[in-house]
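Chain by chain, the residues run as shown.
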Amino acid sequence: MILETLELQVLEKIKASTAEVTNALESEAIYIFREVAAQFERPVLLFSGGKDSITLVRLAQKAFWPAKIPFPLMHIDTGHNFPETIEFRDQLVQDLGLELIVRNVQDSIDQGKVKEETGRYASRNMLQTTTLLDAIEEFKFDACIGGARRDEEKARAKERIFSVRDDFGQWDEKNQRPELFDMLNGQIELGQNVRVFPISNWTELDVWSYIEKESIEIPSIYFAHKRDTFVRDGLIWSAEDGVVFRDEEEEVEERTVRFRTVGDMSCTAAVESEADTIEKVVAEIRTSKISERGARIDDKRSEAAMEKRKQQGYF
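Cut-off values and rules
Residues numbered from 1 in each chain as written. Predicted model: local features only at pLDDT ≥ 70, side-chain atom pairs only at ≥ 80, totals over all residues. Heavy atoms only, no water. Pairing = 2+ DSSP bridges. Helix = DSSP H or I, 4+ residues; strand = E, 2+ residues; numbered from the N terminus. Buried < 20%, exposed > 50% of the residue type's maximum accessible area, 1.4 Å probe, protein only. Polar contact = N/O pair within 3.5 Å; in protein donor to acceptor, adjacent residues only side chain to side chain. Contact = heavy atoms within 4.5 Å. Axes fitted to C-alpha atoms, helices over the stretch in contact; angles between N-to-C directions. Parallel < 35°, antiparallel > 145°, perpendicular 65-115°, else oblique. Left-handed = near helix turned anticlockwise from the far one by under 90°. Nonpolar A, V, L, I, M, F, W, Y, C, P; charged D, E, K, R; others polar. Salt bridge = Lys/Arg side-chain N within 4 Å of Asp/Glu carboxyl O.

Asker: Honestly, the sheet that holds strand β8 (residues 235-238) in this entry has me stumped. Any pointers?
Answerer: The strands making up a sheet are joined through hydrogen bonds of the backbone, oriented either antiparallel or parallel. Here four strands make up an open sheet; going across it, the order is β8-β7-β9-β10 and the pairing antiparallel. Whereas interior strands pair on both sides, the edge strands pair on one side only; in this sheet they are β8 and β10 (271-272). Strand direction decides the pairing type here: strand β9 (residues 253-258) and β10, joined by two bridges, are antiparallel. Paired with R258 across the two strands is V271, which belongs to β10.

This is the structure in structure tokens:
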């Protein structure tokens, strides 16, 4: 009984501390959104249908309430997204009355601007860069808001909140502006644009705690469900969607899994889990010793895979 009481007290202290941190992070993000609206003429929110970009939508709603979000959402669709994510994306923008711009990697392939990969590790994830840069140029966006967090991948920890890209869409990690005392400098030269990261100081656990606190709906694949899968290189891959290459000797087996991140199906693995509610997911993340990016094979192509993609204009 004494042990149970102590455990409850510790849990309550953790929840109270988490709530305090979450409120501070929310206030910072809202401030950043309002600075974007004040300093830029044509901002856009990069939306993937994942938990981070869904969190950004909620934060943007709060930043501009009772007005609508004053900029469109844009999704760079690889054509290999999880169907559950696309269905959720379309329902969300319909429910909130938001403008959604979709640009497709398949169009870049058809136009000969990028070449589709082949083989057992083929993915369209890296091909998004060209489609994204073309869309930025098409709509003359000067600020692209995204959901990158500094605990995701070490290259993203180098970013500023207002991260300038040159007129070729490229990022120079060695030549960045200082950001002191929350002073965000949105001044850019002709042809440049800025990537904005309102949840740059958040962690995966912060995002999940916020989703729990705000009762935010998210795609069903974030929760435990039964799925036909196969194992490769120690990772669990979906065998249901006809996208992921599978060797004949790689046997399909039904497992109870969920996805911690929802990128391109060809580079996003699942994890075995029984967490079928927000509360269980938060508890699972709190004790996890593996980063969510551990299930993203595109980050493992080389030690500096993400940094090289970002230098070329990747989100």
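Further notes follow.
Asker: Sorry, what's going on with the side chain of N81 here?
Answerer: Within the secondary structure, N81 is located in the loop between β2 (73-77) and α3 (83-96). On the basis of relative accessible area, N81 is assigned to the buried category, the value being 12%. Side-chain polar atoms of N81 contact the backbone nitrogen of T78, separated by 3.4 Å. In contact with N81, not counting residues within four places along its chain, are H75, I86 and M265.

Asker: What exactly am I supposed to notice about the packing of helix α2 (residues 51-64) against helix α6 (residues 204-214) here?
Answerer: For any two helices packed against each other, one specifies the inter-axial angle together with the distance between the axes. Close contact between α2 and α6 brings their axes to 10 Å; oriented N to C, the two are set at 55°. The angle between α2 and α6 places the two elements in the oblique class. Crossing of α2 over α6 shows left-handed handedness. Here K51, D52, T55, R58, L59 and K62 of α2 come into contact with α6, specifically with E204, V207, W208, Y210, I211, K213 and E214. Classifying every residue of the contact of α2 with α6 by side-chain character gives five nonpolar, one polar and seven charged.

Asker: How should I be thinking about the sheet that holds strand β3 (residues 100-104) in this particular structure?
Answerer: Spatial ordering of the open sheet is given by β3-β2-β1-β4-β6-β5, a layout of six strands whose pairing is mixed. Edge positions in the sheet fall to β3 and β5 (162-165), since each has one partner strand and no second. The sheet shows a mean angle of 30° between the axes of neighbouring strands, direction not considered. Relative to β2, α3 is tilted by about 165°, and along the sheet it contacts β2 and β3.

Asker: Looking at this structure, how should I read the packing of α6 against helix α7 (residues 278-287)?
Answerer: Running from N to C, α6 and α7 cross one another at 160°; their axes reach a closest spacing of 10 Å. Overall, the two elements α6 and α7 adopt an arrangement that is roughly antiparallel. Crossing handedness for the pair α6 and α7: left-handed. Counted together, E204, L205, W208, S209, I211 and E212 of α6 and I278, E279, V281, V282, I285 and R286 of α7 form the full contact between these two elements. Broken down by class, the residue content of the contact of α6 with α7 amounts to seven nonpolar, one polar and four charged.

Asker: I'm lost on the pattern of salt bridges in this one. Help?
Answerer: If charged atoms from side chains of opposite charge come close, those side chains can pair. Throughout the structure, instances matching the rule amount to 20 salt bridges. R58 is the partner of E214 in a salt bridge, and the nearest nitrogen-oxygen pair spans 3.1 Å. In this pair, E214 is assigned in helix α6 and R58 in helix α2, connecting sequence segments 156 residues apart. Classification of E214 as buried rests on a relative accessible area of 16%. What makes R58 partly exposed here is its relative accessible area of 22%. Of the charged contacts, one joins K140 and E137 as a salt bridge, the two residues approaching to 2.4 Å between their closest N and O atoms. Of the residues examined, E137 reaches a relative accessible area of 49% and is grouped as partly exposed. Through salt bridges with shared partners, a single network forms among E26, R58, K62, K213 and E214.

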